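The residues making up each chain are set out below.
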Amino acid sequence: MTAPDILWFRRDLRLVDQAALIAAAAAGPVLPVYILDDETPRHRRMGGASRWWLHHSLVALDTALRARGSRLILRRGRSEDVLAALAAESGSQRVHALRHYEPWWRNAQAAVARRLDLVLHDGNYLAPAGSIITGSGGQYKIFTPFWRALLATMPPAQPVPAPDKIAGPARWPASDVLSSWGLLPKTPDWATGIANAWTPGAEGAAARLAAFADHAASYGEQRNLPAVPGTSSLSPHLHFGEISPATVWHAVARAGGSVETFLGELGWRDYAQNVILQFPDYGSNNARPAFDALAWRTGSAADADLKAWQQGRTGYPIVDAGMRQLWTTGWMHNRVRMIAASFLVKHLLIDWRQGEQWFWDTLVDADYGSNAVNWQWTAGTGVDSNMFVRIMAPLSQSEKFMSGDYIRRWVPELAGLSDGAIHDPDEFGCRPPRYPAKRIGHREARARALEAVKQLR
């Protein structure tokens, strides 16, 4: 029998519109494999929330493969070594995979290509990173011109259906048992809220998309309102590749209204990959070297402030609601993410990398490119970013975007307060005893942040 081609899954855990699968299946038998590789990323191994999601997504993927006469082989170790071992066991010399742009995956792809015939395909983004170039042949660093250039190449190709049948090898190699990987928390099980909020896998992604398509036309008006389900909630499904961006695009692009705003968010996801392609260390180094000298707060007081922020105990209701939503569900509303991130960086004057690491561990959609680009945008340190001196006022932001019911849901200590008082109970003299006072006043925090950045000049 013909030796199988190996199908190497990573953040592309789907069968629909999966170019690597289509190519492998067209060539003959397919040996699908997912490798839990904590060695290649090293300190960028997946965080706790992502590992919870991964467990359930792999269950869903294996179920879908078995329905087509195949199965998912699980192995653990360094990707290049595991793939070489599988090739030796199965007689395969070719590996198909979707292209990834994180620096550790680029290193892994190069290492695999030195030992096996690695065929990389595109499909995790609207366009391959690096393919949208300026008139002079360079790479875009600023989002707006990048988005115009990307939009000129749209729409993406129509999604390709999954094969009805997937031929397997003559003999299946041994597979790890998923439960032995310990991806799920046990003592304590902190993922109950995440499990209640999400259904990982391609079917869960399709259901989210169908629900969003019904109100995609009002995305621009509703996306900034935390109390309204106006966002798509597709980010973890897109991150794990359970649905392709092309599938999402074609499902909603003709919705009308303000759906173009949502399409721009899909474009931002592509933009983030272009940034990390140019700056692989974007998750750890300031893109603007001048900020290397910024006097971020350190020491016991800063540590206490960081812990209060992580726990949703800052005394700023909108910030605390967001951080508690994150801890409970593994996700946070996008507008609130910006407010919470700005608060850490500018109100508490704590290094953005501390926040980036916390999000990396607690978000189910923790994506290296998007996470790093968003944090550096907020901190003013990125190649395309908000100015540091533009400091969000969380109290007025909370009121402007009608966040009362959102706060009531996630900060129950404040549930009984009126719409006027809930955004800033201290101002109205009605802060419940169980709710903490502000870690710092807005004016004081703003003055401290402006003085810190002034010293850079």
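Residues numbered from 1 in each chain as written. Predicted model: local features only at pLDDT ≥ 70, side-chain atom pairs only at ≥ 80, totals over all residues. Heavy atoms only, no water.

Digging into the pairing of strand β2 (residues 30–36)
Point 1. For β2, a buried count of seven out of seven residues is recorded, marking the element as mostly surrounded by other parts of the structure.
Point 2. Of the two faces of β2, the one holding V30, P32, Y34 and L36 and the one holding L31, V33 and I35 are both buried throughout.
Point 3. In this fold, the crossover linking strand β1 (residues 5–9) to β2 by way of helix α1 (residues 19–27) has right-handed handedness.
Point 4. One ladder, built from four bridges, connects β2 with strand β3 (residues 73–76); its direction is parallel. (Buried < 20%, exposed > 50% of the residue type's maximum accessible area, 1.4 Å probe, protein only. Helix = DSSP H or I, 4+ residues; strand = E, 2+ residues; numbered from the N terminus. Right-handed = clockwise from strand over helix to strand, strands pointing away. Pairing = 2+ DSSP bridges.)

Here we look at helix α10 (residues 245–252)
Point 1. When you tally the buried positions in α10, you get six out of eight residues, the bulk of the element.
Point 2. Listed in full, the buried residues belonging to α10 are P245, A246, T247, V248, W249 and V252.
Point 3. Taken together, the buried residues of α10 touch α5 (143–151), α7 (202–213), α9 (235–239) and α11 (259–278). (Contact = heavy atoms within 4.5 Å.)

A few points about the sheet that holds β2
Point 1. The strand order across the open sheet built from five strands is β3-β2-β1-β4-β5, with neighbouring strands paired in parallel fashion. This sheet does not close on itself; its edge strands, each paired only once, are β3 and β5 (117–121). Mean inter-strand twist for the sheet, computed between neighbouring axes without regard to direction, equals 30°.
Point 2. Sheet strands in contact with helix α2 (residues 48–66) are β1, β2 and β3, and its direction is about 170° off that of β2.
Point 3. With respect to the sheet, helix α3 (residues 79–90) is in contact with β1, β2, β3 and β4 (94–98), its orientation differing from that of β2 by roughly 150°. (Axes fitted to C-alpha atoms, helices over the stretch in contact; angles between N-to-C directions.)

A look at the packing of helix α13 (residues 317–329) against helix α15 (residues 352–362)
Point 1. Look at α13 against α15: their axes get within 9 Å of each other, and the N-to-C directions meet at 35°. The residues of α15 that touch α13, namely those facing M323, L326 and W327, are W358, F359 and T362.
Point 2. Within the contact of α13 with α15, the residues separate by chemical class into five nonpolar, one polar and no charged. (Nonpolar A, V, L, I, M, F, W, Y, C, P; charged D, E, K, R; others polar.)

Details of the pairing of β5
Point 1. The pairing of β4 with β5 spans five bridges and is parallel. Directly across from L98, in β5, lies its bridge partner H121.

What about the nonpolar core?
Proteins that are soluble and globular tend to have nonpolar side chains buried together.
Point 1. Within the largest apolar cluster, 104 residues are counted, with the highest numbers of intra-cluster contacts made by W8 and W309.
Point 2. With near-sequence residues (within four places) excluded, W309 lies in contact with T314, V319, M323, A340, F343, L344, L348, G355, W358, F359 and W375.
Point 3. Counting residues in hydrophobic clusters, the runner-up holds 31 residues, among them L21, W53, L98 and L178. (Core = buried A, V, L, I, M, F, W, Y, C linked by side-chain atoms within 4.5 Å.)

So, helix α19 (residues 442–454)
Point 1. The terminal C-alpha atoms of α19, which comprises 13 residues, lie 18 Å apart, in line with the 18 Å expected from a rise of 1.5 Å per residue.
Point 2. Lining the buried residues of α19 we find α14 (334–347). (Expected span 1.5 Å × (residues − 1).)

Some words on the packing of helix α12 (residues 300–311) against α15
Point 1. Packing of α12 against α15 leaves a shortest axis separation of 12 Å and a crossing angle of 35°. When the axes of α12 and α15 are compared, the crossing they make is right-handed. For the pair formed by α12 and α15, the contact residues are L306, W309 and Q310 on the first element and Q354, G355, W358 and F359 on the second. (Left-handed = near helix turned anticlockwise from the far one by under 90°.)

Overview of the pattern of salt bridges
For side chains of opposite charge, pairing can occur when their charged atoms come near one another.
Point 1. Taken as a whole and judged by the stated rule, the model has 26 salt bridges.
Point 2. Between D62 and R66 there is a salt bridge, with its nearest N and O atoms 2.8 Å apart. Taken together, the residues D62 and R66, both in helix α2 and four residues apart, mark about one turn of the helix.
Point 3. Owing to a relative accessible area of 48%, R66 belongs among the partly exposed residues under this scheme.
Point 4. Across the pair R223 and E265 runs a salt bridge whose closest N-O atoms are separated by 2.9 Å. One end of the pair, R223, is in the loop between α8 (219–222) and α9; the other, E265, is in helix α11, with 42 residues separating them in the sequence.
Point 5. One network of salt bridges, with partners in common, ties together D38, R45, R51 and R76. (Salt bridge = Lys/Arg side-chain N within 4 Å of Asp/Glu carboxyl O.)

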